[in-house]
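Okay, here's what each chain looks like letter by letter:
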Amino acid sequence: MSTTDRNRTANGDASATFDVVVIGAGIVGSAIARKLAGHELSVALLDARDDVGDGTSKANTAILHTGFDAKPGTLESRLVREGYHLLSDYAERTGIPIERTGALLVAWTDEELEALPGLKEKAERNGYDRTEIIGPAEVYRQVPHLGEGALGGLTVPDESVICTWTTNLALATDAVRRGVTLLLNRRVEAVEERGGTTVLRTTGGDVTTRWVVNAAGLGSDVIDRMFGHDRFTVTPRRGELLVYDKLARPLADKIILPVPTSRGKGVLISPTVYGNVLLGPTAEDLTDRTDTGTSEKGIAFLLEKGRKLMPELLEEEVTATYAGLRAASDHSDYVIDADARRRYVLAGGIRSTGLTAGIAIAEYVAGLAGEAGLELVPREDLPEPPRMPNLGEAFPRPYQDAARIAADPAYGRVVCFCERVTAGEIRDAFRSPIPPAGLEGLRRRTRAMNGRCQGFFCGAEVGRLLESRGACVPHENREHGGERRSPEARR
Amino acid sequence: MSTDTTPDNAGVTTLTPAVVIVGAGPSGLSAARELAPRVRGEVLVLDRESAAGGIPRHSDHPGYGIRDMRRFMSGPAYARRLVEQARAAGATIRTNATVTGWAGERTLEVTTPQGRLRVEAGAVVLATGARERPRPGRLIPGDRGRGVYTTGHLQNIVHLQHGKVGRRAVIAGAELVSWSAALTLREAGCATVLMTTEYPRPDSYALFNIGGRAFFRPRIATRTRVSRIIGKPDLRAVEIENLDTGARRIVECDTLVLTGDWIPDHELARAAGITLDPGTKGPLVDSAFRTDRPGVFAVGNLLHPVDTADIAAIDGARAARSVLAWLNGGSTPDGQVRLVAEAPFRWVTPEVIRRGDPAPARRRLLLWSDRFIPFPRVVLRQDGKVVARKRLWWPASPGRVFRVPSIMLASVNPRGGPVSIGVED
């Protein structure tokens, strides 16, 4: 698809003066744009990339946190706790898949075992009182495939796994349905104050606005400096992860967390809503804000950890390796602040907890902006939130739905065999309010090509559907026993 | 033709064929061809692809049908002939039919554009084949650049979708399938600048090797692995490492084809709880192709990842007899001996031998060797004693199946312990 095509479909008119422009269409930015669009305001959601959620939001461990281990008293602690409930409710209404797997922190050393009571108390100070300290027998009863040597554990029954891609897309889609103008492919390069408005000089042209919200993730400190501040620096922290095949899922039905010690947070094993098992992440501070490659060292480290945590897991196939960059900052808390003079709000230093906290951050940002002078008049005519296509294994998917297939055969035509993605779902993705810009976007919307064969069988077909934007479902046999002759058969 | 009934309240149609075969590749279609004229009910072949024929459909070069059809034909022509034979024999082939799970011992759940099916069969033949391990499974670090393929993905693009690939390719692997990839790249106008193999020598059939080398003259780097992928959004280069010296260098390319390193598509077998062989990672079978679930059989490259298509086809044809025996109420002979591969062999199949069962297909045990041995002396041991020893006049070579005459099993004690199969230097 060409860029001009894309500009027509998902990119709105940028010539007007907006009341608010939100920079960054990740989870936090999308949630803020959605929240503000619930008021009588013209809002634009701006991103440097060609899709929403293509930065830090797409590659995290996809855990819906209770906030049990946040630093008590911080803004992060409060917003994660609030966000947990807000996102749980929102997921219910929009169909974002969540699985209430629960988590178990496992202590492998005496030092870690001794840290458990402190963690339980910390959880309570964070307003979470359902943790429980358990002995080794109970640890192995709950996770029978755990490696040898566990000394005890702390249960966190409400930690859950969620689909981070659908969360981002639901919030952005909701924002667009509320009238937000989505402006993609626009990297902010300079900021200019012009008589009560701010002009954002972007790679896709100027965008004029009265207010600006900076939710630019890895780029948030750079944008912040454009507004004359110098208060924090983002250090991209690379986290590499291994994703194991769905056949591994019975091994890990719970999130298995390390006990945080002075040496950092360590490596976790987590089920995913797609039915896989994650092992990771590494934590490596980088200077390059685009380096999402995996490294030999990182993979070796994860395998070494995994071998101890759950040796059987390493017998399974790895279906994906990826690296995400967390927007770690030199502050120990979120940096959220309004600058009334510049009509500017910063939502920076938001690390991986931003997935859980996003909606709460949006509430908080709207509050700050209101206090700083942004007029917030609630709208009466808000559309219902969107119902999102289900990517979760715990809920029915189109290939299993006989009634749906009978009504539309495209849902019975499985294109990606490993992940069981149908031609109907791929078509729907392209017809949705925010269609994918490329293969990666299609993968995040449908799971196509995310499976164990990585395209051995379906790669070419998915590629073709990408070019035709899902529209051209090939002629297929309608009669039983029929067969489409392959191209070479016609030669 | 078909045994369709009307959909039930949930919209699911139940079919009750005598035999359901999962996979319309060489082994599945050959089983269908042999079974259809001989069973009283329907023989139904299900394939998730939109066309039947399996992998040979997109291997557009000669070399197919040698041992089963006594011909020398192209992959697509071979696939067409298998489909025609199965149809002519009376089998029903349904494409775009994805088996998604089990609803009973021999009952499958299937998704098709015509609706959801429940297939209650008298016997099930799993012929789901194998695939090449993709990049993540090989744990190759680096960027996620476009232009990295397996042979299957590449050949799908070039031969079935008539799509474009790059201009300069590196092929990881120098086995039979790697040359197949090189042929496909040539057809797509992409030069193969280097082939790498971790083994000390490029290990494919000598004929192919000599012919291929004279034809392409690609450079082959032995004892070499791809250690990093460089470039995003598009592949720019790969870093390769010499396994002996540790020396690394960068090779510029816009296409990387990861060949070989086969794993069976065993998901359905595992979902059924069928015991797998840890070596092949395919179902554990006896010489009659029985799995450990009654009435469920497995054939082809699901059992031996991978042998050539003709060998897979012969499996299918031979398994037909066992399926018929099962349908006619035949029982499995008592007593079994487990066959176990010993280094340098990675696996051996069939894994279970019973007195009274048919001999393995073509009277050969199939093995996979991790080491090149010019004239291996194969040794069978049981209960601490050597029960057979034989020098073979063909090499054991990594990257292709090694065949051992099953006559060596003649002196195995059918009531004894496991039999190990190894080599003596």
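If you're wondering where the values come from, they're calculated on a predicted model, not measured in any experiment. Each residue is numbered by its place in its chain's sequence as written, counting from 1. Each chain takes a letter, starting from A, and each ligand takes a number, starting from 1, following the order in which they are written. Under the rules for a predicted model, residues below a pLDDT of 70 receive no local features and side-chain atom pairs below 80 are neither given nor counted, while totals for whole chains, interfaces and linings still include all residues. The side-chain quantities take in all heavy atoms of the structure and omit both hydrogens and water.

### Some remarks on the overall build of chain B
Phase 1 of the analysis: Tallying secondary structure elements over chain B gives eight helices and 29 strands in all.
Phase 2 of the analysis: If one aligns the C-alpha atoms of chain B with their principal axes, the spans along those axes are about 60 × 60 × 35 Å.
Phase 3 of the analysis: Relative to its 425 residues, chain B shows a buried fraction of 61%.
Phase 4 of the analysis: It only takes one pair of heavy atoms within 4.5 Å for two residues to be counted as in contact. Across chain B, every contact between residues at least 6 apart in sequence was considered, and the portion connecting residues at least 24 apart equals 62%.
Phase 5 of the analysis: For accessible areas, the Shrake-Rupley method is used with a probe of radius 1.4 Å. Any residue's cover is judged against the shown protein chains and nothing else. If you sum the accessible surface of chain B, you get close to 16,500 Å²; carbon and sulfur atoms cover 50% of it.
Phase 6 of the analysis: Averaged over its 59 positive side-chain charges, chain B has a centre that lies 4 Å from the centre of its 41 negative ones. Secondary structure follows DSSP: runs of H or I at least 4 residues long count as helices, runs of E at least 2 residues long count as strands, and numbering of each begins at the N terminus. Buried means the residue's accessible area, taken with a 1.4 Å probe over protein chains only, is under 20% of the maximum for its type, while exposed means over 50%, and partly exposed covers the values in between. Note that His is not counted, nor are the chain ends; the positive residues are Lys and Arg, and the negative ones are Asp and Glu. Every charge is mapped to an atom, namely NZ of Lys, CZ of Arg, CG of Asp or CD of Glu.

### Focus on the interface of chain A and chain B
Phase 1 of the analysis: Opposite the 56 residues of chain A that make contact, chain B presents 66 residues.
Phase 2 of the analysis: A side-chain nitrogen of Lys or Arg and a carboxyl oxygen of Asp or Glu constitute a salt bridge if their distance falls within 4 Å. Seen at the junction of chain A and chain B, the total is seven salt bridges.
Phase 3 of the analysis: At the level of secondary structure, the elements contributing two or more residues to the side of chain A that touches chain B comprise helix H8 (296-309), strand E18 (318-329), helix H10 (402-407) and helix H13 (459-467) of chain A.
Phase 4 of the analysis: Looking at the side of chain A that touches chain B, the element that brings in the most residues is E18(A), giving five residues.
Phase 5 of the analysis: Residues are grouped as follows: nonpolar covers Ala, Val, Leu, Ile, Met, Phe, Trp, Tyr, Cys and Pro; charged covers Asp, Glu, Lys and Arg; every other residue, Gly included, is treated as polar. Of the residues belonging to the side of chain A that touches chain B, the class tally is 22 nonpolar, 17 polar and 17 charged.

### Description of the packing of helix H2 (residues 27-36) of chain A against helix H6 (residues 164-177) of chain A
Residue and element names in this part refer to chain A.
Phase 1 of the analysis: One can describe the packing of H2 onto H6 by two numbers: an axis separation of 8 Å at closest approach and a directional angle of 30 degrees. The angle between H2 and H6 falls in the class roughly parallel. Two packed elements cross with a definite hand, and for H2 against H6 that hand is left-handed. Counting all contacts with H2, which are made through Ile27, Ser30, Ala31, Ala33 and Arg34, the residues of H6 involved are Thr164, Thr167, Asn168, Leu171, Ala172, Asp174 and Ala175. Inter-axis angles, ranging from 0 to 180 degrees, are taken between N-to-C directions of lines fitted to C-alpha atoms, where helices are fitted over the stretch in contact. Every angle not falling under 35 degrees, over 145, or within 65 to 115 is termed oblique; those three ranges are roughly parallel, roughly antiparallel and roughly perpendicular. Should the near helix be turned anticlockwise from the far one by less than a right angle, the crossing is termed left-handed; should it be turned clockwise, right-handed.

### Things to note about unusual backbone geometry
Phase 1 of the analysis: Following A:Gly280, the chain continues into A:Pro281 via a peptide bond in cis, with omega recorded as -5 degrees.
Phase 2 of the analysis: Within the secondary structure, A:Pro281 is located in the loop between strand E16 (277-280) and strand E17 (284-285).
Phase 3 of the analysis: For the bond from B:Pro305 to B:Val306, the omega torsion is -15 degrees, close enough to zero to count as cis.
Phase 4 of the analysis: Relative to the helices and strands, B:Val306 is located in the loop between strand E21 (296-298) and helix H8 (309-327).
Phase 5 of the analysis: Residues other than glycine seldom take positive phi values, yet A:Arg420 does so here, at roughly 55 degrees.
Phase 6 of the analysis: Assignment of secondary structure puts A:Arg420 in the loop between strand E21 (414-416) and strand E22 (421-422).

### Examining the sheet that holds strand E3 (residues 43-46) of chain B
All names here are of chain B.
Phase 1 of the analysis: Pairing between strands is defined by DSSP: at least two bridges between them are needed. Strand order across the open sheet formed by five strands is E6-E3-E2-E10-E21, with parallel pairing between neighbours. For this open sheet the edge positions go to strand E6 (92-94) and E21, each flanked by a neighbour on one side alone. The sheet shows a mean angle of 20 degrees between the axes of neighbouring strands, taken without regard to direction.
Phase 2 of the analysis: In the sheet, strand E2 (residues 19-22) pairs with strand E10 (residues 123-126) via four bridges, with the strands oriented parallel. Looking at the pairing, Val22 lines up with Leu126 of E10.
Phase 3 of the analysis: Running at roughly 160 degrees to E2, helix H1 (residues 26-35) makes contact with E2, E3 and E6 of the sheet.

### Concerning the pattern of salt bridges
Phase 1 of the analysis: Considering all chains together, one arrives at 74 salt bridges over all chains under this definition.
Phase 2 of the analysis: Notably, a salt bridge pairs A:Arg194 with A:Glu192, separated by 3.3 Å at the nearest N-O pair.
Phase 3 of the analysis: A salt bridge links B:Arg106 to B:Glu105; the shortest N-O distance between them is 3.8 Å.
Phase 4 of the analysis: Residue classification places B:Glu105 among the partly exposed residues on the basis of a relative accessible area of 41%.

### Some points on the domain arrangement of chain A
Residue and element names in this part refer to chain A.
Phase 1 of the analysis: As annotated, the domain borders come from an automatic or database domain assignment. You can read the domains of chain A as domain 1 (3-58 + 165-233 + 332-371), domain 2 (103-157 + 235-329) and domain 3 (398-472).
Phase 2 of the analysis: Placing a centre on the C-alpha atoms of domain 1 and another on those of domain 3 gives a separation of 30 Å.
Phase 3 of the analysis: In this assembly, 15 residues from domain 1 lie in contact with 11 residues from domain 3.
Phase 4 of the analysis: Carbon and sulfur atoms make up 62% of the surface buried where domain 1 meets domain 3, a total of about 1,100 Å² over both sides.
Phase 5 of the analysis: Examining the composition of the side of domain 1 that touches domain 3, we find that five residues originate from one element, H6, more than from any other.
Phase 6 of the analysis: Each residue belonging to the side of domain 1 that touches domain 3 can be placed in one class, and the counts come to seven nonpolar, three polar and five charged. Buried area is calculated as the accessible area (1.4 Å probe) missing from two parts once they are joined, with the contributions of both summed.

### Let's talk about empty space enclosed by the protein
Phase 1 of the analysis: Every definition here rests on a 1 Å grid over the protein atoms only: cavities are sets of points where a 1.4 Å probe fits but cannot get out, pockets are open sets enclosed by protein on both sides within 12 Å along at least five of seven lines, and lining residues have some atom within 4 Å of a point. Grid points are joined across faces, edges and corners, and a volume is the space filled by probe spheres set on the points. Applying the stated criterion across every chain, the model contains four cavities of 30 Å³ or more.
Phase 2 of the analysis: At the level of elements, H8 and strand E25 (364-369) of chain B are the ones that each hand at least two residues to the lining of the largest cavity.
Phase 3 of the analysis: The two domains that each donate at least three residues to the lining of the largest cavity are domain 1 (12-131 + 263-332) and domain 3 (353-424) of chain B.
Phase 4 of the analysis: Here the second largest cavity defines a volume of roughly 70 Å³.
Phase 5 of the analysis: Lining the second largest cavity are A:Asp51, A:Val52, A:Gly53, A:Trp165, A:Asn168, A:Leu169, A:Arg444 and A:Arg445.
Phase 6 of the analysis: Only H6 and helix H12 (439-446) of chain A provide two or more residues apiece to the lining of the second largest cavity.

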